[in-house]
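Next come the chains, spelled out residue by residue.
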Amino acid sequence: MTQGERRTPARRTVLGAAGATVLGASTTLAAGTARADAPDRTPGRGHGYRSLPVPIVIGHRGAAGYRPEHTLGSYRHALDLGAHVVEQDLVPTRDGHLVCRHENDISGTTDVADHPEFASRKTTKTVDGVTLTGWFTEDFTLAELKTLRAKERIPATRQENTLYDGRWTVPTFEEVLDWAEEEGRRRGREIWLHVETKHPSYFRSLGLGLEERLAKLLRRYGRHRANSPVFLQSFEPSSIQRLAELVDAPGVVLLSGPSSRPWDFVEAGDPRTVADLVTPEGLRWMASYAKGIGPTLDLVIPKDASGRLGTPTTLVRDAHAEGLILHPYTHRNENTFLPADFRKGTDPTAYGDAFGALKRYLETGIDGIFSDNPDTARLAAADLAARD
């Protein structure tokens, strides 16, 4: 039996339940299904992030569990599956356009290797201290980049997603803003975005600063205000500080492993690590310019040596005490991405007990979660609401 044959019934069950339970039975979660000509009573409409449901589901790179990431198809599918918010990662082209890719290295997410006219563009670079060989967005004009097609990044894990290889181009952020406006009209509600500046110090060193370009687009589309339907996120605190000076949209500081240091800290000689930032003092400092944090899930519930979930940390309580919301990352359904105690069977690409893991994470009181599988996360959020 192939991977696709094994997983399809389970996926249909999830989708069917999502349609009946998440988008039907729950009056709180059904608000997003209003007709375009009906009064808009969607949570968060014009009232900022504090009026969004808790916990919110953020479609990670769209619906990356089902479609090639950072494509308009992936973003649209995330909304269809119930995501409250859809994520974009931004990197620049050589001529200064912001495009949606998780990394500037596009070797694994486009068909660039199949284009002989770009063979000479393959190169080796060091980005944030990591040496990479491949093709990079900053070496292409937008017109050149638009000749490429997007493809699945991890085909060995998500072979079903390869069905959509070549279907979509790499979208610009401006195209996404246009798309969000059109989707908002069609669905009768605001479309919330969660926008990340990728490697901002690196790109600033190349004369391709991200924040000013992003702020300009946000202002053009009216998404620069404190109550605009957008979050701005970055792993570099200085990028969020810079954005806070340009626009009023809420910022979220992303946090990786405890021993890691944000790259702008490395360049500035700031000795603080993520472990320092998640102390009450560090959280208070971030709250002076940001509205939230996006920690790795391991900062919320660490894993033991066997990879099983341990005891939750005090991060949720401590962050809330400083007025910060928490949007941890990333939930995925496949065994390979789940804690060891929620895996099923021996196939790393098969679905495990994703609902069991989500229950543990959501019970900590987090305000939202990034998910490659928004339908699964929405059902888990509905389960939590039903118990409250």
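Computed from a prediction, not measured in an experiment: that's the story for all the values here.

Some points on the environment of Gly184
Within the element layout of this structure, Gly184 appears in helix H4 (residues 173-187). Exposure remark for Gly184: the relative accessible area of 14% places this residue in the buried category. Among all residues touching Gly184, those that are not within four sequence positions of it are Arg189 and Ile191.

Some thoughts on the nonpolar core
If you look at the biggest cluster of nonpolar residues, it comprises 80 residues, and the most contacted ones within it are Phe173, Leu193, Leu214, Leu232, Leu255 and Ile293. Residue contacts for Phe173: discarding those within four places in its chain leaves Gln88, Leu90, Leu98, Val99, Cys100, Leu193, Val195, Leu214, Leu217 and Leu218. If you look at the next biggest cluster of nonpolar residues, it comprises 11 residues, including Leu52, Ile56, Val85 and Phe231.

Details of helix H6 (residues 210-220)
Those residues of H6 not exposed but buried are Leu210, Glu211, Leu214, Ala215, Leu217 and Leu218. Along the axis of H6, the buried positions cluster into a sector of 165 degrees, meaning they face one direction only. The first or second residue beyond H6 is Gly222, which carries a positive phi of 70 degrees.

Comments concerning the packing of aromatic side chains
The description of an aromatic ring pair uses the distance of the two centres, along with the angle that the planes make with each other. Within the structure shown, the criterion is met by 9 aromatic pairs. On the numbers, 5.3 Å between centres and 40 degrees between planes, the contact of Trp192 with Phe231 is tilted. Highlighted residues: Trp192 in strand S6 (residues 192-197) and Phe231 in strand S7 (residues 230-234), separated in sequence by 39 residues. Residue Trp192 is classed as buried on the basis of its relative accessible area of 2%. Since its relative accessible area comes to 1%, Phe231 is described here as buried. Ring geometry for Tyr202 and Phe203: centres 5.0 Å apart, planes at 70 degrees, overall edge-to-face. A residue is classified by how much of its surface remains accessible, and Phe203, at 0% relative accessible area, is buried. Among the aromatic residues, ring-to-ring pairing joins Tyr49, Trp192 and Phe231 into one connected group. Positioned over the ring face of Phe140 is Arg121, at 5.1 Å from the centre of the ring. Over the face of the ring belonging to Trp285 we find Arg272, whose NZ or CZ atom lies 4.1 Å from the ring centre.

Section: the pattern of salt bridges
Taken as a whole and assessed by the stated rule, the structure comprises 27 salt bridges. Here Asp372 and Arg332 are joined by a salt bridge, their closest N and O atoms 2.8 Å apart. Note that Asp372 is positioned in the loop between strand S11 (368-371) and helix H14 (374-387) and Arg332 in the loop between strand S10 (325-326) and helix H13 (354-362), a separation of 40 residues in sequence. Ionic contacts of the salt-bridge type, sharing partners, join the residues Arg76, Asp80, Glu183, Arg186 and Arg187 into one network.

So, the confidence of the model for the protein chain
Within the protein chain, residue pLDDT values average 90, and 88% of them lie at 70 or more. With pLDDT under 50 throughout, residues 1-44 is counted as low confidence; its partners more than four residues away or in other chains account for 78 contacts.

Rules behind the numbers
Position numbers for residues count from 1 along each chain, tracking the sequence in the order it is written. Reporting of local features is limited, given that this is a predicted model, to residues whose pLDDT is at least 70; pairs of side-chain atoms are given and counted only at 80 or more, and all residues count toward the totals for whole chains, interfaces and linings. Excluding hydrogens and water, the side-chain figures rest on all heavy atoms present in the structure. Strands here are runs of E lasting at least two residues and helices are runs of H or I lasting at least four, both read from the DSSP assignment and numbered beginning at the N terminus. Classification of residues uses two cut-offs on accessible area relative to the type maximum, computed with a 1.4 Å probe and protein chains only: under 20% is buried, over 50% is exposed, and between them is partly exposed. In this analysis, two residues are considered to be in contact whenever any of their non-hydrogen atoms come within 4.5 Å of each other. For the purposes of this section, nonpolar cores are sets of buried Ala, Val, Leu, Ile, Met, Phe, Trp, Tyr and Cys residues that join through side-chain atoms within 4.5 Å. Taking the helix axis as origin, the arc is that swept by the directions to the C-beta atoms. When the centres of two rings from Phe, Tyr and Trp lie within 6.5 Å, Trp using its six-membered ring, the rings pair. Their planes under 30 degrees apart give stacked, over 60 give edge-to-face, and anything left gives tilted. Definition used: whenever NZ (Lys) or CZ (Arg) falls within 6 Å of the ring centre and also within 35 degrees of the ring normal, the charge is taken to sit over that ring. Think of a salt bridge as a Lys or Arg side-chain nitrogen and an Asp or Glu carboxyl oxygen that are within 4 Å of each other. On a range of 0 to 100, pLDDT expresses the predictor's confidence in each residue.

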